[in-house]
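Chains, contacts and geometry: an overview
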Amino acid sequence: QIEKFGVMIEEYLKQRVNLKHVFLLVDYRHKPSEDDMLMYNFLKYYNLPVTVIATKADKIGGSKKQKNLKDILDTIDLVVGDDMVVFSSVTRLGVKEVLKKIEDLLEEDK
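Read on for a plain summary of the structure. (Residues numbered from 1 in each chain as written. Predicted model: local features only at pLDDT ≥ 70, side-chain atom pairs only at ≥ 80, totals over all residues. Heavy atoms only, no water.)

What the chain contains, in helices and strands, is four helices and three strands. In sequence order, the chain lays out its α and β elements as α-β-α-β-α-β-α. The C-alpha extent of the chain, read off along each of the three principal axes, is 45 × 35 × 30 Å. Counting all 110 residues of the chain, 34% fall into the buried class. Contacts in the chain between residues far apart in sequence, at least 24 positions, make up 77% of those at least 6 positions apart. Of the roughly 7,800 Å² that the chain leaves accessible, carbon and sulfur atoms contribute 56%. A gap of 5 Å separates the mean positions of the 18 positive and 19 negative side-chain charges of the chain. (Helix = DSSP H or I, 4+ residues; strand = E, 2+ residues; numbered from the N terminus. Buried < 20%, exposed > 50% of the residue type's maximum accessible area, 1.4 Å probe, protein only. Contact = heavy atoms within 4.5 Å. Areas by Shrake-Rupley, 256 points an atom, 1.4 Å probe, with all protein chains shown as cover. Lys, Arg positive; Asp, Glu negative; His and termini not counted. Charge placed at Lys NZ, Arg CZ, Asp CG, Glu CD.)

Below, the discussion takes up the packing of aromatic side chains. What the rule picks out here adds up to two aromatic pairs. A connected cluster of aromatic rings, assembled from ring pairs, spans F42, Y45 and Y46. (Phe/Tyr/Trp six-rings, centres within 6.5 Å; stacked < 30°, edge-to-face > 60°.)

As a further point, take a nonpolar patch on the surface. Together, L99, I102 and L106 make up a nonpolar patch on the protein surface, roughly 270 Å² of accessible area in all. By secondary structure assignment, the location of I102 is in helix α4 (residues 95-109). In this structure I102 comes out as partly exposed when scored by relative accessible area, which is 34%. (Patch = residues over 30% accessible without salt bridge, like charges linked within 9 Å, V, L, I, M, F, W, Y side chains within 5 Å. Salt bridge = Lys/Arg side-chain N within 4 Å of Asp/Glu carboxyl O.)

Turning our attention to the side chain of S88. Its place among the elements puts S88 in the loop between β3 (83-86) and α4. On the basis of relative accessibility, which here comes to 0%, the residue S88 falls in the buried class. Side-chain polar atoms of S88 contact the backbone nitrogen of T91, separated by 3.0 Å. Excluding residues within four positions of it along the chain, S88 makes contact with A57, D58, L93 and V95. (Polar contact = N/O pair within 3.5 Å; in protein donor to acceptor, adjacent residues only side chain to side chain.)

This is the structure:
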């Protein structure tokens, strides 16, 4: 089932002509996984702009926040034009930034 899901996602991303931007969710508590990196590199191969959303930011204590942020940015090494938002559905951190990004993308399409 995992393999079928992977093929389905790949086909969707490759063939969806009106796909303008991708939001890639990664766990802020951990260094990006090999799967996270594969997905980011796949998206870059197809020249899709990406916003990385580092989720579960509320689960990280103060002293680890900068270290985890650095780990994510060092591992993913965002290309010019891509960005990252630290996000928490619990504290609402990053919600405004994500909504603004979506609004801006919708405005570009008009």
